[in-house]
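As a plain string of letters, each chain reads:
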Amino acid sequence: SSSQGPPLNTVESIPISDYIKRVKGASWSYMPPMHESRICFSATVIDKKFIVVFGGIKGKKEGEESHFPELVSNCIEKFSFDTNWWQKIKISSAPVLTAFSWGLGNVYGSDKLVIFGGSDGNIKTDDIWMIDFKNKKAEMIQADFEDNVPQVAMGKLVVRSDPTDSKVTLHVFGGYGS
């Protein structure tokens, strides 16, 4: 019987442009590890200079609560390609979540992340959050939905703007409870 083992904090990368150009010999390279091991989180590139990770589970609780996930203590870390190092980022208003649907808020700028749903380890939510990494703030987006709002965990979110009428649409795909 195989075991999944604990979450990892390792980071590996491979230049896919080598494969697109059909150049042989590319291999995975190891990057410095994140401060905290985690699963069920987002990772995105900001301004071509940084990788930002948000949220996640670092393990499970023990004893009678062993079926509850233990969320990461600092939900945001940023990797700099210039310094080749991870930095903990504190945004006090950011929710600590896991298994959420996320997408780049490219309609809002490349330094923002939109989060829909997810779990705080106990319940699923239908909240929408905008995390602004440049200004280090998080804001819950107040939306007046009908009664059919999905409570989603582990789905995928796409943020799309319509250039003809500047309407912004969130598309949620899959997940638990969707």
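The preceding data block contains the structure.
## Regarding the overall build of the protein
Move 1: What the protein contains, in helices and strands, is one helix and 14 strands.
Move 2: When the 178 residues of the protein are sorted by exposure, 36% land in the buried category.
Move 3: Relative to all contacts within the protein whose residues are 6 or more apart in sequence, the contacts with residues 24 or more apart total 46%.
Move 4: Roughly 11300 Å² of accessible area belongs to the protein as shown, and the carbon and sulfur atoms make up 51% of that amount.

## Focus: the environment of V72
Move 1: By the element assignment, V72 lies in the loop between β6 (69-71) and β7 (76-80).
Move 2: In contact with V72, not counting residues within four places along its chain, are E36, S37, R38, G55, G56, I57, K58 and V96.

## A closer look at unusual backbone geometry
Move 1: Of note in this structure, N84 is not a glycine but carries a positive phi near 60°.
Move 2: For N84, the position within the fold is in the loop between β7 and β8 (85-89).
Move 3: The phi angle at K136 is positive, at roughly 50°, despite the residue not being glycine.
Move 4: Tracing the backbone through its elements, the reader meets K136 in the loop between β11 (128-132) and β12 (137-140).
Move 5: A relative accessible area of 48% places K136 in the partly exposed class.

## A few points about the environment of M34
Move 1: Within the secondary structure, M34 is located in the loop between β2 (29-31) and β3 (42-46).
Move 2: Assessed through its relative accessible area of 4%, M34 is described here as buried.
Move 3: Each C-alpha atom of the pair M34 and Q87 lies 8.5 Å from the other, and the pair is 53 residues apart in sequence.

## A look at the sheet that holds strand β4 (residues 50-54)
Move 1: One open sheet holds the four strands; their spatial order is β3-β4-β7-β8, and the pairing between them is antiparallel. Every other strand in the sheet has two partners, leaving β3 and β8 as the edge strands with one partner each. Across the sheet, the mean angle from the axis of one strand to that of its neighbour is 25°, orientation sign disregarded.
Move 2: Across five bridges, β3 lies against β4 in antiparallel orientation. Residue pairing in the sheet places V45 in a bridge with I51 of β4.

## Digging into the packing of aromatic side chains
Move 1: A full pass over the atoms with the stated rule returns two aromatic pairs.
Move 2: Summarising the aromatic geometry, the rings of F79 and F81 are spaced 5.4 Å apart at their centres and angled 90° between planes, so their arrangement reads as edge-to-face.
Move 3: The class for F81 is partly exposed, based on a relative accessible area of 43%.
Move 4: Pairing F79 with W86 gives two aromatic rings, centres 5.3 Å apart and planes at 55°, and the pair type is tilted.
Move 5: W86 sits in the buried class, given a relative accessible area of 3%.
Move 6: A network of ring pairs unites the aromatic residues F79, F81 and W86 as a single cluster.
Move 7: Note that R38 overlies the ring of F41, its terminal NZ or CZ placed 6.0 Å from the centroid.

## Some thoughts on the nonpolar core
Move 1: F54, I76, I91, A94, I115, I131 and F133 are the most contacted members of the largest nonpolar core, which has 18 residues in total.
Move 2: Looking at this core, the elements that each hand over two or more residues are β4, β10 (112-116) and β11.
Move 3: It is β4 that provides the largest number of residues to this core, a total of three residues.

## Things to note about the pattern of salt bridges
Move 1: Enumeration according to the criterion identifies three salt bridges in this entry.
Move 2: The salt bridge involving K58 is made with E36; its shortest N-O contact spans 3.7 Å. With K58 in strand β5 (residues 57-60) and E36 in the loop between β2 and β3, this residue pair connects regions lying 22 residues apart in the sequence.
Move 3: Looking at K58, the relative accessible area reads 30%, which means it is partly exposed.

What counts and what doesn't
Residues numbered from 1 in each chain as written. Predicted model: local features only at pLDDT ≥ 70, side-chain atom pairs only at ≥ 80, totals over all residues. Heavy atoms only, no water. Helix = DSSP H or I, 4+ residues; strand = E, 2+ residues; numbered from the N terminus. Buried < 20%, exposed > 50% of the residue type's maximum accessible area, 1.4 Å probe, protein only. Contact = heavy atoms within 4.5 Å. Areas by Shrake-Rupley, 256 points an atom, 1.4 Å probe, with all protein chains shown as cover. Pairing = 2+ DSSP bridges. Axes fitted to C-alpha atoms, helices over the stretch in contact; angles between N-to-C directions. Phe/Tyr/Trp six-rings, centres within 6.5 Å; stacked < 30°, edge-to-face > 60°. Lys NZ or Arg CZ within 6 Å of the ring centre and 35° of its normal. Core = buried A, V, L, I, M, F, W, Y, C linked by side-chain atoms within 4.5 Å. Salt bridge = Lys/Arg side-chain N within 4 Å of Asp/Glu carboxyl O.

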